[in-house]
Structures are given as C-alpha cells and as structure tokens.
Amino acid sequence: MLDSTFYRFLDFKKRMWYNEANPWKGKVIIMQQFMNEDFLLKTETAKHLFHDYAESLPIYDYHCHISPKEIWENKSYENITQVWLYGDHYKWRIMRAVGIDEKYITGDSTDYEKFEAYAKALSYSIGNPLYHWSHLELQRYFGYTGYLNGDTAEEVWNLCNKKLQEDDMSVRNIIRKSNVKLICTTDDPVDDLKWHKVLAEDDSFEVKVLPAWRPDKAMNLEKPEYPEYMKKLSEVSGVKIAEFADLKEALLKRMEFFAQMGCSVSDHALEYVMYAPAAEEKVDEILKKRLNGESISREEEMIFKTAFMQFVGKEYHKKNWVMQIHYGCKRDNNAFMYEQLGPDTGYDCINNYAPSAQTADFLNSLIASNELPKTILYSLNPNDNEAIGTILGCFQGTEAAGKIQQGSAWWFNDHKTGMIAQMTSLANLGLLANFVGMLTDSRSFLSYTRHEYFRRILCELIGGWVENGEYPADYKTLKEIVCGISYNNAVDYFGFDL
C-alpha cells in the first residue's frame, strides 16, 4: 500500500502523485479526485453531454414512495438520522452485513449512535452504490465534500444537523432545490387521497403531487388479510363484493375517483407476469372460496391474478393510464425478522422465476382486442433484460414513442453496473433513445441525487460509444437523445398536465 507521506500534489483537477520510496520510485500515479465535478465521466464527450445538456434538466419523478402528508406538512427534520436512516432498508442491509447489532439499525439506540454505526459501515462499502448516493447527498444538500467514516461521523453529524435547521431544508424546499417538477406517490385503492386534495388546492407549492394507483392488496387473494381488505374496499366503493363482477365494479369506482384526483399511472408488484386464462365462472368460484375464508391452490391464484390484470389493463387503455409492472422479487425471506419488524425492512431478494412466454402471452391477450395500454416492465432479475428487450418489439404502437418500455434498472440493480447493463441491453435489442429514464423509487426526500447519478452514467455510456467511433459526434441528435432520456421522454410519455 502506498504511503501518502510520499505523495506530491501536482494538479488541481487530478491527483498525480510521485512516490520517492521503493518499490515505486520513478512511477507517476494518476488518480481522479474523489467525486469531483467529472465524477463517473471519463471521456470529454461524456463531460460535454452531462455538463451542457443533462445536468441542469428538471426531474420528473413518476414513481416513488414518499409521503404526500409530509409534503403537505412541509416537514422538517431534527437530525440527519431521521431523513437518512429511518425506513431506509438499503442502508440497513449494509449495516447488518458488517455485523452491526440491530439495536443500532432499527432498535432503541440514539439517533447519533445509529448515524455513527452507519458511517462506520459505509466506509467498507466500496463498490456499493450507497457510497456514491450518500456522498452525493452530502455534497448537494449539505455542502460536505469530504468522506464519511467513523472518524468523521461527529463532524458530519454536526454540520448536517445545523444545515437541517435552515428553512431551505424543509421537505418542500428540498424538492424545490432538487428541481423537481412532478411527483407520483404510491397509493392504495381504499386511500381517501386527502393529502393529495389539499396539496392540489395549495397555490403556495408549485410542484405537482399526484397519486398513482397500486391495487396489489385487491389482487393478492392468497394473503391472510384479503377477506378483511375486501370489506374495506366494499365500504369505500359502496359496492358489496360477492363475486368478480362486483370487485370489478368497486375497482372502477375507485379508479374514477383516482382519475378525478389527477391519477393516470398505475403500478403493480407481481411475483412474475403470469398468464393462466379461464372463464369468468371459474374466477368467480375462486374469489367466493377466498371470501368464505377457504384457502386456494397455486393454480387458482394464478387464474385469478391473470383475470385481474387483464381487467385493469383494459381499463388503463380506456383511460390512457400507464401500466407499470414490477416483478422478480421474493419478499420477506427472513421469517424471524419479519415477525419482529414486518415487511420492507431489508429481507427481500431476487426471484429468478419469470417465464417470458407468459409475459408475452399476457400482453398479447390485451393487444388482441386493441386494449393494451402504455406499459413499463421492470424485472428485479438482471438476467431478464434480454427477454424484456425482445418482448418490447412485439407490441409497440403509435400511441406513444416506445409505447412498451423497459423500466430503469430497479432496486438491487440501480447501481453503475446494473444501469449500464440495462441501457446497453435496451440499446442492443430496442431503442434506447425512447427510454423514459430514471425514477426515484424511494422513501427519502434526499434521493433525488440518484437522477444525477443516472445521468452521469448515461452520458459516460453514450460518450464512450461516440469516442470509440461507434456513433458520430452529431451533437444535435446526441443532445436530443440525452435530454430525452433524462427528462423529455417522460414528459411526452406520461402526458401529465403541468
């Protein structure tokens, strides 16, 4: 390991060190400064594409899990742990990986102790996107350009907490300074959307905050709580649900309510995109069994979910809604910790079962009657990239450029390697230029720097192709492509009224 005492600083942009001790005598080592203005940008073309085109574009956050209530309240945070570590299972996973006791993760230790524990864990997360995300957030929102570890934890804690007391670090002002134009939250059909209503009536906040329809609980009839959820849906819709036709009527009423609140985006979390068609009489039989408290078979579950997805997909087409489908996740794998902490606490993994034939058959069942909506497919398994890329080309249409999309690298894939793999596959098998780009998919208001991270990777990828002679230095078209993927394509695709 090279001893820093032998280094001589030669350049303000790059660190070029000369080591006068053996065995490196006479060697010049060139290192990029840690996360400088050209972070992730190696080629001159990439730097031009990012700094001149992508960097200053607004953000269209069409899928996230942030709270509309906290936006309405314009929440402020007392300390960095509250905004960084509460509910962030990405961070919890690396803390557990280095052996930190759960007391310092989700337990009853102090907020400073939790922050210090994360700082220590972060220093070992070389190659993990959390290292980049965390430092981008420290740079952009708190002006901290050093690096976080156990030794600097107290310094960073004090700096961030002081900054959080300023007015421009309230939730609404974080959103403003992030240059966000629109936010779509994730909302259940039984939600009264009261926070969206008051935000829509609030002229003091210029950013659009719209609901997105997430009807998983209405579909997942295998869950123990399903009969009770049906009672809630019956109450809010005014439809007594006894058979599948009733469920469809109840969902239609709630969809109309969501549409009145500005919703035009749906989202589904599926194990995989299934296709097991059956007559409605069979679907009725399955639903009635479940409403009576009986268990159902795996085959019956797939039959019901196929009918459910076909129904909502056709309704989305009528309403010009976008259908997002996230699949390929096996959830809540650690039963012991699930009993203690519940879902969404860092115990999910990639599921490698996703039959592409069924995905294609499902989409085909909708396009057969010209009722296939604009659709975005996200798989948690990166091995599905090529399958998705080939499926897209079978179902495109004139309703939108890239009517059927592959979504951005999701969850366990939204790191440098995963993003490059997803975009390269899409470019190879489809049309990268039509890609609707990055989404935050986060519960944190500081996560908007992930869009910068994505844009830097995008520009480096395209810049590399240009400098390698694989695409001409046609900057008029390159600007259109980069700005499209970074922002404009999503504006055109979703068609929200800003």
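Values in this document were obtained by computation on a predicted structure and should not be read as measured data.

Counting its secondary structure elements, the protein chain contains 20 helices and 11 strands. Taking 498 residues into account, the globule formula puts the C-alpha radius of gyration at 23 Å, and the protein chain, at 24 Å, falls close to it. Along the first, second and third principal axes, the C-alpha atoms of the protein chain reach 85 × 55 × 50 Å. Counting all 498 residues of the protein chain, 53% fall into the buried class. Contacts in the protein chain between residues at least 24 apart in sequence constitute 73% of all its contacts with a sequence separation of at least 6. In the form shown here, the protein chain has an accessible surface area of approximately 22,300 Å², with 49% of it arising from carbon and sulfur atoms.

Moving on, we come to the side chain of Thr-440. Relative to the elements of secondary structure, Thr-440 occurs in the loop between helix 18 (416-429) and helix 19 (449-467). Accessibility expressed as a relative area gives 3% for Thr-440, which makes it buried. There is a polar contact of 2.8 Å between the side chain of Thr-440 and the side chain of Asp-61.

Take the sheet that holds strand 5 (residues 208-210) next. Pairing is parallel across the open sheet formed by 3 strands, whose spatial order is 3-4-5. Across the chains shown, the open sheet's two edge strands, defined by having one partner strand only, are strand 3 (59-61) and strand 5. Averaged over neighbouring strand pairs, the angle between their axes works out to 10 degrees when direction is ignored. The sheet contact formed by strand 3 and strand 4 (residues 180-184) spans 3 bridges and is parallel.

Below, the discussion takes up unusual backbone geometry. One non-glycine residue, Met-35, lies in positive phi territory at about 50 degrees. Tracing the backbone through its elements, the reader meets Met-35 in the loop between strand 2 (28-32) and helix 1 (44-54). For Met-35, a relative accessible area of 6% translates into the label buried. For Asp-441, which is not glycine, the phi dihedral falls at a positive 50 degrees.

Let's shift gears to the sheet that holds strand 6 (residues 265-270). One open sheet accounts for 4 strands, arranged 6-7-10-11; its pairing is parallel. For this open sheet the edge positions go to strand 6 and strand 11 (404-406), each flanked by a neighbour on one side alone. Across the sheet, the mean angle from the axis of one strand to that of its neighbour is 20 degrees, orientation sign disregarded. As paired elements, strand 10 (residues 374-379) and strand 11 share 3 bridges and run parallel to each other. Paired with Thr-375 across the bridge in strand 11 is Ile-404.

This part takes up the pairing of strand 6. Within strand 6, 6 of the 6 residues are buried, leaving the element largely enclosed by the surrounding structure. Here strand 6 shows a buried face lined by Val-265, Asp-267 and Ala-269 and a second buried face lined by Ser-266, His-268 and Leu-270. In the sheet, strand 6 pairs with strand 7 (residues 322-327) via 6 bridges, with the strands oriented parallel. Of the residues in strand 7, the one forming a bridge with Ser-266 is Met-323.

This part is about the side chain of Ser-134. Tracing the chain through its elements places Ser-134 in helix 6 (residues 129-142). Residue class for Ser-134 comes out buried when judged on its relative accessible area of 1%. A polar contact of 2.8 Å, which involves the side chain of Ser-134, links it to the backbone oxygen of Leu-130. In this view, Ser-134 contacts Trp-84, Lys-91, Tyr-118 and Leu-122; residues no more than four positions away in its chain are not counted.

Under the defined criterion, the tally for this structure stands at 29 salt bridges. With its nearest N and O atoms 2.5 Å apart, the salt bridge here joins Arg-214 to Asp-267. On the criterion of sequence distance, the pair formed by Arg-214 in the loop between strand 5 and helix 10 (216-219) and Asp-267 in strand 6 is long-range, its members being 53 residues apart. Classification of Arg-214 by relative accessible area gives buried; the value is 16%. As a salt-bridge pair, Lys-231 and Glu-228 come within 3.8 Å of each other at their nearest N and O atoms. Taken together, the residues span about one helical turn, with Lys-231 and Glu-228 both in helix 11 (residues 226-237) at a distance of 3 residues.

Quick notes on the rules
Residues numbered from 1 in each chain as written. Predicted model: local features only at pLDDT ≥ 70, side-chain atom pairs only at ≥ 80, totals over all residues. Heavy atoms only, no water. Helix = DSSP H or I, 4+ residues; strand = E, 2+ residues; numbered from the N terminus. Rg over C-alpha atoms; globule rule 2.2 N^0.38 Å. Buried < 20%, exposed > 50% of the residue type's maximum accessible area, 1.4 Å probe, protein only. Contact = heavy atoms within 4.5 Å. Areas by Shrake-Rupley, 256 points an atom, 1.4 Å probe, with all protein chains shown as cover. Polar contact = N/O pair within 3.5 Å; in protein donor to acceptor, adjacent residues only side chain to side chain. Pairing = 2+ DSSP bridges. Axes fitted to C-alpha atoms, helices over the stretch in contact; angles between N-to-C directions. Salt bridge = Lys/Arg side-chain N within 4 Å of Asp/Glu carboxyl O.

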